[in-house]
Amino acid sequence: MSQPSNDIEQRIGDLSSRLNQYNYQYYVLDNPSISDMEFDTLLKELEKLENEHPQYKSPSSPTQRVGGQPLNNFSQVTHRYPMLSLGNTYSKEEIVDFVQRAEQMLGKEGLEWVCELKYDGLAISLNYINGILSQATTRGNGIVGDDVTQNIKTIKTIPLQLQGDDYPADFEIRGEVIFPHKAFEEFNKIRVENGEEPFANPRNAASGSIKLLNPQEVAKRKLDCFLYFLLCEEDQRLSSVTHYEKLQMAKRWGFNIPRYLAIASNIEQIMDFIEYWDMQRKELPFDIDGIVIKLNDTTLWNALGSTAKSPRWATAFKFKAERVSSTLESVEYQVGRTGVVTPVANFTPVWLGGTWVKRASLHNADQISKLGIRIGDEVLIEKGGEIIPKIVEVKHREGNEHKEFEFITHCPVCGSELVKEEDIAGHYCPNYNHCSPQILGRFQHFISKKAMNIDSLGGEKMKYLLDNNLVADFADLYALTADNLIGLAAVDTDKKVSIQEKGATNILNALAQSKSVSFERVLFALGIRFVGEVVAKKIARHYINIDNIIAAQYEDLIQVDEIGEVIAKSLLSYFANAENLLLISKLKACGLHFEVEQSTIGSSLLGKSFVVSGVFENYSRESIKQTIEDNGGKVVSSISSKVNYLVCGDKMGAEKKRKAESLNVKMISEQEFSQLLNITN
Ligand code: IVH
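Residues numbered from 1 in each chain as written. Predicted model: local features only at pLDDT ≥ 70, side-chain atom pairs only at ≥ 80, totals over all residues. Heavy atoms only, no water.

A. A look at the site of the ligand. Lining the immediate environment of the ligand, one finds Leu86, Glu116, Leu117, Lys118, Tyr119, Ala123, Glu176, Tyr228, Phe229, Val292, Lys294 and Pro311. Here Leu117 contributes a backbone N or O atom positioned 3.0 Å from a nitrogen atom of the ligand. Here Lys294 contributes a side-chain N or O atom positioned 3.0 Å from a nitrogen atom of the ligand. Protein chains bury 90% of the 530 Å² of accessible surface belonging to the ligand in isolation. The pocket occupied by the ligand, as judged from atoms lying within 2 Å of grid points, is the largest pocket. Listed by contribution, the elements that provide at least two residues to the shell around the ligand are strand E3 (113-119), strand E8 (224-231) and strand E10 (288-295). Looking at which element gives the most residues to the shell around the ligand, the answer is E3, with four residues. (Near = heavy atom within 4 Å. Polar contact = N/O pair within 3.5 Å; in protein donor to acceptor, adjacent residues only side chain to side chain. Areas by Shrake-Rupley, 256 points an atom, 1.4 Å probe, with all protein chains shown as cover. 1 Å grid on protein atoms, 1.4 Å probe; cavity = no way out; pocket = protein on both sides within 12 Å on 5 of 7 lines; lining within 4 Å. Sits in = over half its atoms within 2 Å of the grid points. Helix = DSSP H or I, 4+ residues; strand = E, 2+ residues; numbered from the N terminus.)

In structure tokens:
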């Protein structure tokens, strides 16, 4: 017999509010009143009833927490009240100044300040209408943010339905979404297991998570949220309530408010709070980056007002980047694709800025001697920009003072003697063609997006091709067949990648498509030392084809705009190597582009050579150079009789001018250059 519909509606409502209450007890109060199994049974019953009777499903139903349908994009929401940020300082004196300024402005001493933790996450604004979460918006630019309601609903400590009956009918509450350490670590571990890049820190991970379009993905990440700022100007009942009391009210309605709060009545108490948390923050299960002080008496907020960006009734004291001490256990050496050898310090793992760190780059031998490190020393580690760990200080342990650190003399992989060039920091392995990390690195570079874009091959698969001896040089890639690829698996068995039929087809298609990649990118893909994307473009446009580049002499190369001594020498040494020349002829035979396609660039300045000097009124020097190259002209760095035009800006070099005059090189202004383009186009 079917139940009457009002019974069902009532049961759904009853289950919803009971589950919301259990959720609150479990997540916010950390004090569950029923077992997980009982909770799951009730949740399943609710899900079933809602599926059968979707008309009774409410937006505050706890079933919403598992995440709704993926979105195509977020809609934009204008904040009812702008989302200001806080002034901040690293100096305690400035906190004293801030407090004194407020006292002076208000003509009052002994003001009460609420001290709170400054959570390091993503700011969020929640709107509740009649006790139900109606909308959640990111800060965005402070005026307009993204509607991330679906994602926010997956956070268990955010109430979907408020408790009690004294909440305002329509109000906003703001806070910070954070990724607690434990959840962050578990989440990163899974990412690494799946072959994905781990997030650098909990803040980035929290913010990246809330900006995901698929709420079901967000639901998998155990985010949390603290709410620290209640806004409700319309409700007269709240107009004279202190900030502290508002937070207590929010707590009664079911919000997760800051756990560690203090009311300070003088500067000393504020400083005590700062010092205490600077010491204790390491023990917290989430990241904070400072403390916030807010004037408790909200009736005085308006009198103090705000600057364009931040209020004068609150400010933040930021902690200096955290430094931790560890012990240097060893130094290992990594060989990059260009042969550069990078020393990396391995130290005893330490918890820093939300992650365990155990390695830091030492960059090169100079850096090692600057730091003066020895194995076994105490090292102090900081996170640069809060992300990349670096050793900032070394303290010699007893008995270590006299040991000298010796940089390796031979490549740790192929054994070749390392080279240290005068004008380049660091050592490199000169065994360009036969040192395995260089070969793998070069292949990974060759197939990368910005080079040949043979994306479906990917770094790991590339390694398998090399391990299985299917390729020895780039040209071999173009001889691969589906039979070669299918079933190919890792030689080192801990990686689980193997290539199936579909994967093989994708790789072969990408290889075929890569044959249409422009000469500029092919030149970049070759991986010549110091020839990055921009330089490759300059050289390709200048010389038009590979044969001209191969034939170019040193004096000629350094004439090219932005090609200095180091790049010129690197090009010469690359093309002096017979193996490289053979590779190029093989790649030509594969059908790769080794000539600039004239159709891709204009030809109005073809054959004309320019020097651009000085500061211009309407364009940057770079954009003038770009325009010349885009129209087939060449940009060179110094005046010679081969130069056709000197484009003269303000504060142009006197020497260039004199030389141009003596060699009869035509000097044109920015306006004349524009005319030249118009005439020729
Ligand atoms: S109050 C008008 N309280 O810090 C002031 N902000 O640099 C509203 N934050 O945008 C913010 N913990 O994202 C406040 N206890 C706290 C905070 C806090 C972290 C963040 C928030 C804000 C930023 C300002």
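Still to come is the rest of the account.
B. Here's a closer look at empty space enclosed by the protein. The final tally for this structure, using the stated rule, is one cavity of 30 Å³ or more. In this structure, the largest cavity occupies an estimated 40 Å³ of space. Residue lining of the largest cavity: Phe98, Arg101, Ala102, Met105, Leu304 and Arg312, and that is the complete set. Looking at side-chain class alone, the lining of the largest cavity contains four nonpolar, no polar and two charged residues. (Points joined across faces, edges and corners; volume = space filled by probe spheres on them. Nonpolar A, V, L, I, M, F, W, Y, C, P; charged D, E, K, R; others polar.)

C. Highlighting the sheet that holds E3. In spatial order, the strands read E2-E11-E10-E3-E9; together these five strands make up an open sheet with mixed pairing. This sheet does not close on itself; its edge strands, each paired only once, are strand E2 (87-89) and strand E9 (262-264). The average angle at which neighbouring strand axes cross in this sheet is 30°, direction not considered. Here E10 runs beside strand E11 (residues 314-318); their pairing, made up of five bridges, is antiparallel. Looking at E11, one finds that Ile293 is bridged to Thr315. Sitting on the sheet, helix H3 (residues 92-106) touches E2, E3, E10 and E11, and the angle it makes with E11 is about 170°. The sheet strands contacting helix H8 (residues 243-252) are E3, E9 and E10, and the helix crosses E3 at an angle near 55°. (Pairing = 2+ DSSP bridges. Axes fitted to C-alpha atoms, helices over the stretch in contact; angles between N-to-C directions. Contact = heavy atoms within 4.5 Å.)

D. Region of interest: the nonpolar core. With 60 residues, the main nonpolar core has Phe446, Met462, Leu477, Tyr478 and Leu523 as its most contacted residues. The residues touching Leu523, leaving out its near neighbours within four places in the chain, are Ile528, Ala536, Ile539, Ala540, Ile546 and Ile549. Core analysis: the second largest hydrophobic core is formed by 38 residues, Phe74, Leu160, Val218 and Val241 among them. (Core = buried A, V, L, I, M, F, W, Y, C linked by side-chain atoms within 4.5 Å. Buried < 20%, exposed > 50% of the residue type's maximum accessible area, 1.4 Å probe, protein only.)

E. Summary view of the side chain of Lys294. Locating Lys294 in the fold gives a position in strand E10. Of note is the side chain of Lys294, whose polar atom sits 3.0 Å from the backbone oxygen of Tyr228. In this structure, Lys294 is in contact with Glu112, Trp113, Val114, Glu116, Tyr228, His243, Trp313 and Ala314, ignoring residues within four places of it in sequence.

F. Representation of the packing of aromatic side chains in the model. Tallying each qualifying case throughout the model produces 29 aromatic pairs. Taking the centre distance of 6.3 Å and the plane angle of 85° together, the rings of Phe171 and Phe255 count as edge-to-face. One end of the pair, Phe171, is in strand E7 (residues 170-178); the other, Phe255, is in the loop between H8 and E9, with 84 residues separating them in the sequence. Ring geometry for Tyr432 against Tyr574: centres 6.0 Å apart, planes inclined by 85°, an arrangement best described as edge-to-face. Of this pair, Tyr432 sits in the loop between strand E18 (427-428) and helix H12 (436-447) while Tyr574 sits in helix H21 (residues 565-575), and the two are 142 residues apart along the sequence. Each member of the pair, Tyr432 as well as Tyr574, carries the same accessibility label: buried. One aromatic cluster is present, formed by Tyr128, Tyr167, Phe171, Trp253 and Phe255 through successive ring pairs. (Phe/Tyr/Trp six-rings, centres within 6.5 Å; stacked < 30°, edge-to-face > 60°.)

G. Structural detail: the packing of H12 against helix H13 (residues 458-467). Where H12 meets H13, the axes come as close as 10 Å, and the angle between the chain directions of the two elements is 130°. In terms of their interaxial angle, H12 and H13 are classed as oblique. Between H12 and H13 the crossing geometry is right-handed. Residues Ile439, Leu440, Phe443, Gln444 and Ile447 of H12 form the contact with H13, whose own contacting residues are Gly458, Gly459, Met462, Lys463 and Leu466. Across the contact of H12 with H13, the residue classes tally to six nonpolar, three polar and one charged. (Parallel < 35°, antiparallel > 145°, perpendicular 65-115°, else oblique. Left-handed = near helix turned anticlockwise from the far one by under 90°.)

H. The arrangement of the layout of surface pockets in detail. Of the pockets and cavities examined, the largest pocket occupies roughly 1200 Å³. At the level of elements, E3, E7, E8, E10, helix H10 (301-304) and E11 are the ones that each hand at least two residues to the lining of the largest pocket. Each residue belonging to the lining of the largest pocket can be placed in one class, and the counts come to 19 nonpolar, nine polar and twelve charged. Considering only enclosed or pocket space, the second largest pocket measures out at about 870 Å³ in volume. If you trace the second largest pocket, you find 33 residues lining it, with Tyr27, Thr157, Pro180, Asp224 and Arg259 closest to the centre. The set of elements that each furnish at least two residues to the lining of the second largest pocket consists of helix H1 (5-27), helix H5 (181-193), helix H7 (215-220), E8 and H8. When residues of the lining of the second largest pocket are assigned to their parent elements, the largest contribution, four residues, is made by H5. Tallied by class, residues from the lining of the second largest pocket come to 19 nonpolar, five polar and nine charged.

I. The arrangement of the sheet that holds strand E20 (residues 634-635) in detail. Read from one edge to the other, the open sheet built from four strands follows the order E20-E19-E21-E22, with strand pairing classed as parallel. Each edge of the open sheet is held by one strand with a lone partner, namely E20 and strand E22 (666-668). Both strand E19 (residues 609-613) and E20 contribute to a ladder of two bridges, which runs parallel. Bridge pairing links Phe610 to Val635 in E20. With respect to the sheet, helix H23 (residues 621-630) is in contact with E19 and E20, its orientation differing from that of E19 by roughly 175°.

J. Representation of the packing of H3 against helix H9 (residues 267-280) in the model. Running from N to C, H3 and H9 point in directions that differ by 145°, and their axes come no closer than 11 Å. Considering the relative orientation of H3 and H9, their crossing is right-handed. Only Ile267, Ile270, Met271, Ile274 and Glu275 of H9 make contact with H3, whose side of the interface consists of Lys92, Ile95, Val96 and Val99. Counted by class, the contact of H3 with H9 contains seven nonpolar, no polar and two charged residues.

K. Layout of the environment of Thr78. You can see Thr78 is positioned in strand E1 (residues 76-78). On the basis of relative accessible area, Thr78 is assigned to the exposed category, the value being 57%. For the pair Thr78 and Gln216, spaced 138 residues apart in sequence, the C-alpha separation works out to 26 Å. If near-sequence neighbours (up to four positions away) are discounted, Thr78 is found in contact with Ile143 and Val144.

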